[in-house]
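What follows is the residue order along each chain.
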Amino acid sequence: MGAPHNGPFPTLPATTLAVHNRHQLMNRSRFIVVTILVLIALHRADAAGRVDAIVEAQTGYIIGAASDGHWLDSAKAAALIKPGASFRVYDLTRDMGTATASKPGSADEPCPDTHMTKLSPKPDRGAIALSASWNALPRKPRIADVTQPVYVEAVREFLAQHRLPQAAVKITQILRVDLDGDGSEEVLISATNYLTKDGVPSSAPGGSYSFVLLRRMVSGKVKTQLVAGEFYPHGKNFNAPNRYSVLALLDVDGDGKMEVIVESAYYEGGATTVYRCTPEKIEELVSTGCGA
């Protein structure tokens, strides 16, 4: 006797239906996995071809660029900036809006090797312009009181370590921000004392200094790191000392961690430098400047 069936279509055994359904589920799963992998590959390909340039907003000087985990100097970054490229402008604590870049060129004399672009509209304020698509200011820095005793004493101790035990403490800037997004704030301290009322002298007097410090908690203890600076236990003639301060704190490469951007100035020029600051080391990434 043949196998029973209802109507014109035979009834499949339960085991056959189970195998059929399992194959359908596996095919759907493979399709979803392949789709996800394609999207990831497309995203990586797009990221690999992207160059995220960093420009000093007021001068238009091209500092450098981040590209797929690598850092490009000013010249290489300038060669990859297209006219009309969109930049987002930031000051120390705010997103200031957007601007577009002109075709990069030389800053001419006295700095023909410095590369620059013109931002339009020219930012009235703002420190750094980035061509990045992400929010480069994920955590807002807080400006703190420069007279706080704990930081005055920290600077005094640091000066003593650099053979300046009698130097007068003159803190010019204190910023608090969570640089790496771990929920704990770091403190950046800028201090300068060239024993003058205004500006930076052409010669460094004995007992003078300028620096930026980073203080953070590491394994339950305060760790102090020098980001950039100069110390003069003895005077030096016509050495063009620099004044250092934090210009911006931004995530310039999209990894969620904020880099420290330091401005250094001397009597005939200056520079802007991007630093990566980890508990293990302070690393200079890219820099540019102009001066006689």
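Residues numbered from 1 in each chain as written. Predicted model: local features only at pLDDT ≥ 70, side-chain atom pairs only at ≥ 80, totals over all residues. Heavy atoms only, no water.

1. Overview of the nonpolar core
Here is a general trend for soluble globular proteins: nonpolar side chains tend to be buried in one another's company.
Then, in step 1: Residues Ile-128, Leu-130, Leu-188, Leu-249 and Leu-250 are the most contacted members of the largest nonpolar core, which totals 35 residues.
Then, in step 2: Those elements giving two or more residues to this core turn out to be strand 9 (128–130), strand 11 (171–177), strand 13 (208–218), strand 14 (221–232), strand 15 (243–250), strand 16 (259–266), strand 17 (269–277) and strand 18 (282–291).
Then, in step 3: In terms of residue count, the dominant contributor to this core is strand 15 (six residues).
Then, in step 4: Not counting residues within four places of it along the chain, the set of residues in contact with Leu-249 comprises Leu-92, Ala-136, Leu-137, Pro-141, Leu-175, Val-177, Leu-179, Leu-188, Met-258, Glu-259 and Val-260. (Core = buried A, V, L, I, M, F, W, Y, C linked by side-chain atoms within 4.5 Å. Buried < 20%, exposed > 50% of the residue type's maximum accessible area, 1.4 Å probe, protein only. Helix = DSSP H or I, 4+ residues; strand = E, 2+ residues; numbered from the N terminus. Contact = heavy atoms within 4.5 Å.)

2. Concerning the sheet that holds strand 5 (residues 95–101)
Then, in step 1: The strand order across the open sheet formed by seven strands is 3-2-1-9-4-5-8, and the pairing between neighbours is antiparallel. The strands lining the two open edges of the sheet, one partner per strand, are strand 3 (70–72) and strand 8 (119–120).
Then, in step 2: As defined by bridge partners, strand 1 (residues 52–56) adjoins strand 2 (residues 62–67) across four bridges and the pair is classed as antiparallel. Across the sheet, residue Asp-52 finds its bridge partner in strand 2, namely Ala-66. (Pairing = 2+ DSSP bridges.)

3. So, the pattern of salt bridges
Then, in step 1: Counted by the stated rule, this structure contains eight salt bridges.
Then, in step 2: Note that Arg-176 and Glu-185 form a salt bridge whose closest N and O atoms lie 3.0 Å from each other.
Then, in step 3: Each of Arg-142, Arg-176 and Glu-185 takes part in salt bridges that share partners, so that together they form one network. (Salt bridge = Lys/Arg side-chain N within 4 Å of Asp/Glu carboxyl O.)

4. Considering the sheet that holds strand 10 (residues 142–143)
Then, in step 1: The strand order across the open sheet formed by five strands is 10-11-12-13-14, and the pairing between neighbours is antiparallel. Every interior strand has two partners, whereas the edge strands, strand 10 and strand 14, have only one.
Then, in step 2: In terms of strand pairing, strand 12 (residues 186–193) meets strand 13 through seven bridges, oriented antiparallel. When the bridges of strand 13 are listed, Thr-192 appears paired with Ser-210.
Then, in step 3: Lying over the sheet, helix 3 (residues 149–161) contacts strand 11, strand 12, strand 13 and strand 14, oriented at roughly 115° with respect to strand 13. (Axes fitted to C-alpha atoms, helices over the stretch in contact; angles between N-to-C directions.)

5. A few points about the environment of Leu-80
Then, in step 1: Examined against the element boundaries, Leu-80 turns out to sit in helix 2 (residues 74–80).
Then, in step 2: Separated by 30 residues in the primary sequence, Leu-80 and Arg-50 have C-alpha atoms spaced 9.6 Å apart.
Then, in step 3: What Leu-80 contacts, discounting residues up to four positions off in sequence, is Val-51 and Leu-72.

6. Re the packing of aromatic side chains
Then, in step 1: Evaluated as defined, the whole model comprises six aromatic pairs.
Then, in step 2: Where Tyr-209 meets Phe-211, the ring centres are 5.5 Å apart and the plane angle is 35°; that geometry is what we call tilted. For the pair Tyr-209 and Phe-211, one class covers both residues: buried.
Then, in step 3: Considering the side-chain rings of Phe-211 and Phe-231, the 5.3 Å spacing of their centres and the 25° angle between planes classify their relative orientation as stacked. Of this pair, Phe-211 sits in strand 13 while Phe-231 sits in strand 14, and the two are 20 residues apart along the sequence. (Phe/Tyr/Trp six-rings, centres within 6.5 Å; stacked < 30°, edge-to-face > 60°.)

7. Some thoughts on the pairing of strand 11
Then, in step 1: When you tally the buried positions in strand 11, you get five out of seven residues, the bulk of the element.
Then, in step 2: Sheet topology places strand 10 next to strand 11; two bridges connect them, and they run antiparallel. Each residue of the ladder has a partner; that of Ile-143, found in strand 11, is Leu-175.

8. Comments concerning the side chain of Thr-272
Then, in step 1: The residue Thr-272 is located in strand 17 in this model.
Then, in step 2: Using a relative accessible area of 7% as the deciding quantity, one classes Thr-272 as buried.

9. Regarding the environment of Ala-75
Then, in step 1: Mapped onto the fold, Ala-75 is located in helix 2.
Then, in step 2: Ala-75 sits 10 residues away from Ala-65 along the chain, and the two C-alpha atoms are 9.8 Å apart.

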